[in-house]
Every structure is written in C-alpha cells, then in structure tokens.
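Spelled out from the first residue to the last, the chains are:
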Amino acid sequence: MSANETKKNFITDIIDEHAESGRFDGNVHTRFPPEPNGYLHIGHAKSICLNFGIAEQYGGLCNLRFDDTNPAKEEQEYIDAITEDLRWLGYDWDDRLYFASDYFDQLYEMAIELIQIGKAYVDELSQDEIREYRGTLTKPGVKSPYRDRPVEENLALFEKMRAGAFKEGEAVLRAKIDMTSGNINMRDPVMYRILDAPHPRTGAKWKIYPMYDFAHGQSDSIEGITHSICTLEYEDHRPLYDWYLDNIEIYHPQQIEFARLELSHTVLSKRKLIRLVQENHVSGWDDPRMPTIAGLRRRGYSPEAIRQFCDDIGVGKVKGVVAFHKLEYHIRQHLNKTADRVMAVLNPLKVVIENYPDDLVEELEAINNPEDESAGRRKVPFSKVLYIERDDFMEDPPRKFFRLAPGREVRLRYAYFITCTDVIKDDEGEILELRCTYDPTTRGGAAPDGRRVKATLHWVSARHALKAEARLYDSLFTVEDPEADSQKDFTDFINPDSLRVLDPVFVEPSVRHAKSGDRFQFERLAYFAVDPGSTPDKLVFNRTVALRDQWSKARKKGGGQARKKKGGNR
RNA sequence: AGCGAGGUAGCUCAAUUGGCAGAGCAGGUGCCUUUGGAGCACAAGGUUAAAGGUUCGAGUCCUUUCCUCGCUGCCA
C-alpha cells in the first residue's frame, strides 16, 4: 500500500517505542495466523492488511501460519481456500508458509520441560469436574487432587497420553499456575488434550494436541515474530502467553490486541457463516451475498477496494460497527476509475424510431471509461428498434422527472435526440412500446443548434443486443445488526429480496467475449461482474453495487411525489 | 461481584505525548455534466461520558463516579 505509508495508530506507536528502546533491534516481523476451519471473511482482511501492511511499512516480514491445533474442526479445503484468497488480495509470504503443526515435536518437548520443573501436571479429573474446580468469575477455583503428583509420575502419564493409552477426555496436561487468579485463563489452563481425529497434515501421528494458548506464543517465538497482533478477546490470554514463554525461557514476542471488525447488515462469525452455508440460506461460501473474501470476489469486489477499505477504517481498541456503505463507497471509488462502461437494459421497454430507415445500422462511437482516456473507445450499433429502461419513461411524469415522457425530447447516449410521439398499450393499459422520432442532425448526441435536453438515456439496439442474466444482489439482512435481538435467530432477519434474478436482460454486443471476473459499469445503473458460472452462450452478471442514485433518493424524500411502484432496477 | 479493556462529531479514526479538538465517510446546500454517475465548492456538525483536582494551560496527568465490551471450552 503506497498511499498511507505514514499511517499511524496505537500499534505503530508501540512499535516505535520498541524501536527507541532497542527491543527487537528495530525489527518488525508479524504473522497472519488463521485457523483452517472456515473461509476468510472481510474481518480477516482487516487483520491481514494490518499484519502484512505493518511489516511492509517498517521494511519487515509477515509470515502466513495456519493455526492447526484442532483437527476436529480443520480441513484441507479451508487451507487451500485461505491460501487462494490471500494471494488474490495481493499478499505474498515467499517461503514463509508455516503450520503450528510443524512445531508439534518442539511443543511436546517444551511441555516435558514444564513438567520437569514442576510447572505442569497430568490431570485425570473429568471435564465437568475441571469446570467445577475452576470456580467462577467471582469465586476462586480449587486445586485438583492430581495437582501435586511427583514429576516422574507426570512424565510417565504424559507419555501414556501421547502413546494413546488414554481415551478422549480421560486425561489432560495442565499448567500449574494459580487456581485463585482473577484471570480465569491462569487457573491451571489445559495445555494438551487427547483428540482422536486424524490431522490434515500429521495424520495419525498424534493422539494429543496442544491448546491454542500453549501453541501460539511458542510458534511466534520459534518464527522470531516480534509483534503478535491479535484481536481484543485475547487480552485476557496475554498473561498466559507471557507465562509460557517466560517459564520455558525462550525468545519473547510482544502480543498486541486490536478491535476486530464489525460490519453492519451482515454477520462475521464463522459459526454463523457456516450456518448460512449449511442451512442453504446462501449457495455456498462464495455466494456473492457472503462477507467472505470469496463471496466479495464473486460479487465483483476488487482487492484494491478491500485494501483501501481496511486502510480507511484504521485500527483501534474501541469496538465499533462499520457501516456496510463504507465498503460500498470504496468499491465504487475503485470501479469508477477502472471499470469499462457499457450499456445494458435490465427492464426493457421497446422503442421504435418511426423516421429511422428500416434496414439502416449505424456504428456509433462510445467512450469506454471517461475516467481513463487509455481505456479507448468502441462502436455500438444503432437501429430502428431499440430497448430503453422502463423506468426511464413515464406517461404522466412528476415535476422533477427529467427522463422521457410523451412529447418530450431526450438524448440517447452517443446517438441521437429522440422525441416520444406515441404510447402503445395493450387492453389492460400496460405500455407495450413507444413510438419516437429522431433528429438526424444530432448524431453523436449533440445538437448543432445548441438546444439542450435534460436527460440522457442508455439504450441497446434490439437486433444486436445480447441476452444475458443479471443477478441483483442486495444486503443479506434487513437490519443493521442481525444479532442484536436475543429473542430471535439472526436468520430471521434474512432479506427475502437479497437476490433478484433478471433473465433475460439486454446488453450491448461489445461484451460478447467478457470473461469470468470482468467488471463493468452498466451506465446509469450499477457495477456488474461476470460470474464464474457464466458461459459465452449465457453471460451471467452479478451486480456488485448500484451507482449512487439521487433521483430515487429525492423520490423517497419528496414523499409520494412520484407515485411509483417500488423496486425499479436501480 | 472478580480480572481485563475501553468511552473524542451520526459512523470510523486523528490530535506532534501537557499547547488554538482535526480528517474521511454519512447527512446538508450550491456549481458543473452527453451517466440524475463522476467531479468541484461551501456550510454545518463537539460541554472530548460526568464531577473534582494538579497546572499559566488538560482530550492527554491524578481521584471518584457512570456507562460499554470481553472472560467461568479438553475452541481459536
């Protein structure tokens, strides 16, 4: 990220202090440590941008490390997906791809060390008993009867655990710290538990697996991490992080906690995201309505926009909810500069230009991107029968409706001025088509006599238009915080109109060869991206985000000025 | 209740570490426009949770109070 090299926050303050005091010799080495038990989402993106960004800012390095200490939940599919998403976001870790499971042997040796110095013991209390003995927030815990076993016995028992002589739940290895601590994490936390599940990487080699707390700090230490940046809920774990490192007596990184991202109108917990997938509220982890990186990618979001967003929201220790429209702001910002414009009609209304020659086809020049001269120009075919957007015509227009109406003249973008002369309806009064005349002297869209029109409409030539499918995505939830109501399940707030499929829609022929992931602006409507399931025979466009639309805003504010059915295309 | 963290504009963050509280976004008003897009200009927005104290001077330091969040997995 070049734009904000000098961006400051409380983390850079800490790093600067370290640089001054000489701790870490001025080095900065971070890591991004996902657990491979789900897909990356926009909340992870914040952590990713932070960890990789800070390393870059200080000329340091950032590792990718999978925190794979719980084989019961983790899968290779997630490892692959996470790696792909990270690459797509534009980050690179060279050869520094690590797994906590790479350190299982070393971790095991460290555990033995702690046993040997009398700071760890094998506990055979049941899970329920351990919970009881732990006490509560206000009541101190009490010591396990197994707490003071001799070192030799602990060593032998731990070896038995490793060898598979115990079944799941029959024994754990615990650190001997302080059962009366106000911080419950320090009340003899479990270091190792027995798990029967095969591990995606170590297979059946291990029967015991280290807990997060026993693995994370030491993994950081082994990799020479300087600043171990994590989210706020680990604040209470820092004393334990420090305790393990101090008692094992190895190199000691600094853990720093920041507030995780909360986004309005969506959920960002893996537990809930996985439910959306499993209960088929969405089509999968990459459903364009999902806040996952894969979902955002399919929706048409760009890595640049996501990174800009993360940069914009900054980092702090205060929990807050970022409005979804902030994400939308950044994708509009990026796409405005980079997406080619194209004309497409989502909700067609037929227009016949009565004074235009029957068989004439003109190739009119159109600008691909007014924000980027280098994007060049293209030709768009014009003929006698066209489609315009149904919303662009009103038979009885309210005061501030500038678009087409009977007797009114408007411009067809890059083409001609047309005037509506007649409205053809069926028996029910439904408008079937419009009859218009055009002014041949306005070719290209400018009038030689200098007269002006108030609106410019997009259009496609009926004969030349491509039929395509458009998927209009809206927010997945109808409320800002789907988790706020404790009486209801978050799925109760799923937006029933979060996806509307329009098929067919009509798109100008220049997009014929569009490939998966290509992004366009359908002029005056929205940004769209080509879906991966799209084929040359059947193009499928996902709406990324609508253009800002002051007409619909004014319409809402004006309170019924325009008596229109809701749910146009925009 | 115990431990920990935090409270600056509607939202997200700044404030050169004690020196005139500022940005972006949102909202507002204009201008411009061959996208009612984009862009530009301007205005508005604050008792820095509250009270007290130290100081020439406090968002920043001290005390007290209030409020919010996290923690009682053999998850991470």
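Residues numbered from 1 in each chain as written. Chains lettered and ligands numbered in written order. Predicted model: local features only at pLDDT ≥ 70, side-chain atom pairs only at ≥ 80, totals over all residues. Heavy atoms only, no water.

**What about the overall build of chain A?**
For step 1, the next point in the chain: A count of helical and extended segments in chain A gives 13 helices and 27 strands.
For step 2, the next point in the chain: Counting over 570 residues, chain A shows a buried share of 52%.
For step 3, the next point in the chain: Once local pairs closer than 6 in sequence are excluded, the contacts in chain A between residues at least 24 apart make up 71%.
For step 4, the next point in the chain: Carbon and sulfur atoms provide 46% of the accessible area of chain A, an area that totals close to 26100 Å².
For step 5, the next point in the chain: For chain A, the separation between the mean place of its 82 positive charges and that of its 95 negative charges on side chains is 6 Å. (Helix = DSSP H or I, 4+ residues; strand = E, 2+ residues; numbered from the N terminus. Buried < 20%, exposed > 50% of the residue type's maximum accessible area, 1.4 Å probe, protein only. Contact = heavy atoms within 4.5 Å. Areas by Shrake-Rupley, 256 points an atom, 1.4 Å probe, with all protein chains shown as cover. Lys, Arg positive; Asp, Glu negative; His and termini not counted. Charge placed at Lys NZ, Arg CZ, Asp CG, Glu CD.)

**Quick word on helix α7 (residues 212–223)**
Helical geometry note: an α-helix holds 3.6 residues per turn, so side chains three or four residues apart project in the same direction.
For step 1, the next point in the chain: For α7, built from 12 residues, the straight-helix expectation of 16 Å at 1.5 Å per residue is met to within 8% by its first-to-last C-alpha distance of 16 Å.
For step 2, the next point in the chain: The buried count for α7 comes to 10 of 12 residues, which makes it a mostly enclosed element.
For step 3, the next point in the chain: Those residues of α7 that fall on the buried side of the exposure criterion are D213, F214, A215, H216, G217, Q218, S219, D220, S221 and E223.
For step 4, the next point in the chain: Remark: G224 follows α7 within two positions and exhibits a positive phi of approximately 70°. (Expected span 1.5 Å × (residues − 1).)

**Points about the pattern of salt bridges**
Pairing of side chains with opposite charge becomes possible as their charged atoms draw close.
For step 1, the next point in the chain: For the structure shown, the criterion picks out 46 salt bridges.
For step 2, the next point in the chain: In this structure, K176 and D148 form a salt bridge, with 3.8 Å as the shortest nitrogen-oxygen distance. You can see K176 sitting in the loop between β5 (172–175) and β6 (190–194) and its partner D148 sitting in the loop between α5 (127–134) and α6 (151–163), a full 28 residues away along the chain.
For step 3, the next point in the chain: Using a relative accessible area of 59% as the deciding quantity, one classes D148 as exposed. (Salt bridge = Lys/Arg side-chain N within 4 Å of Asp/Glu carboxyl O.)

**Remarks on the protein's contact with RNA strand B**
For step 1, the next point in the chain: The environment of RNA strand B is formed by 69 residues, the closest being I313, R341, G444, Q521 and Q550.
For step 2, the next point in the chain: Looking at RNA strand B alone, sugar and phosphate atoms form 62% of those within 4 Å of the protein.
For step 3, the next point in the chain: The side chain of E371 places a nitrogen or oxygen atom 2.8 Å from a sugar or linking oxygen of RNA strand B.
For step 4, the next point in the chain: Separating a base oxygen of RNA strand B from a backbone N or O atom of F402 is a distance of 2.6 Å.
For step 5, the next point in the chain: Contributing elements (two or more residues each) for the surface near RNA strand B: α5, β6, α11 (303–313), β11 (321–322), α12 (324–338) and α13 (550–557).
For step 6, the next point in the chain: Grouping the constituent residues of the surface near RNA strand B by class yields 23 nonpolar, 19 polar and 27 charged. (Near = heavy atom within 4 Å. Polar contact = N/O pair within 3.5 Å; in protein donor to acceptor, adjacent residues only side chain to side chain. Nonpolar A, V, L, I, M, F, W, Y, C, P; charged D, E, K, R; others polar.)

**Some remarks on a negative patch on the surface**
For step 1, the next point in the chain: Taken together, E109, E113, D246 and E249 make up a surface patch of like negative charges.
For step 2, the next point in the chain: In this fold, E109 is placed in helix α4 (residues 104–116). (Patch = residues over 30% accessible without salt bridge, like charges linked within 9 Å, V, L, I, M, F, W, Y side chains within 5 Å.)

**Regarding the confidence of the model for chain A**
For step 1, the next point in the chain: Averaged over all residues, the pLDDT of chain A equals 94, while 96% of them reach at least 70.
For step 2, the next point in the chain: Overall, residues 1–5 carries pLDDT values under 50, and its contacts beyond four positions in sequence, including any with other chains, amount to six contacts.
For step 3, the next point in the chain: Taken together, the stretch residues 559–570 has pLDDT below 50 and engages in 28 contacts with residues farther than four places along the chain or on a different chain.
For step 4, the next point in the chain: Interface predicted TM-score (ipTM) for the complex: 0.95; the corresponding pTM is 0.94. (pLDDT = per-residue confidence, 0-100.)

**Looking at empty space enclosed by the protein**
For step 1, the next point in the chain: Applying the stated criterion across every chain, the model contains three cavities of 30 Å³ or more.
For step 2, the next point in the chain: For the largest cavity, the calculated volume is near 100 Å³.
For step 3, the next point in the chain: Classifying every residue of the lining of the largest cavity by side-chain character gives seven nonpolar, three polar and three charged.
For step 4, the next point in the chain: Considering only enclosed or pocket space, the second largest cavity measures out at about 40 Å³ in volume.
For step 5, the next point in the chain: Lining the second largest cavity, in full, are Y212, D213, H216, G217, H237, Y241 and Q255.
For step 6, the next point in the chain: Of the residues forming the lining of the second largest cavity, the biggest block, four residues, is contributed by α7.
For step 7, the next point in the chain: Residue composition of the lining of the second largest cavity, grouped by class: two nonpolar, four polar and one charged. (1 Å grid on protein atoms, 1.4 Å probe; cavity = no way out; pocket = protein on both sides within 12 Å on 5 of 7 lines; lining within 4 Å. Points joined across faces, edges and corners; volume = space filled by probe spheres on them.)

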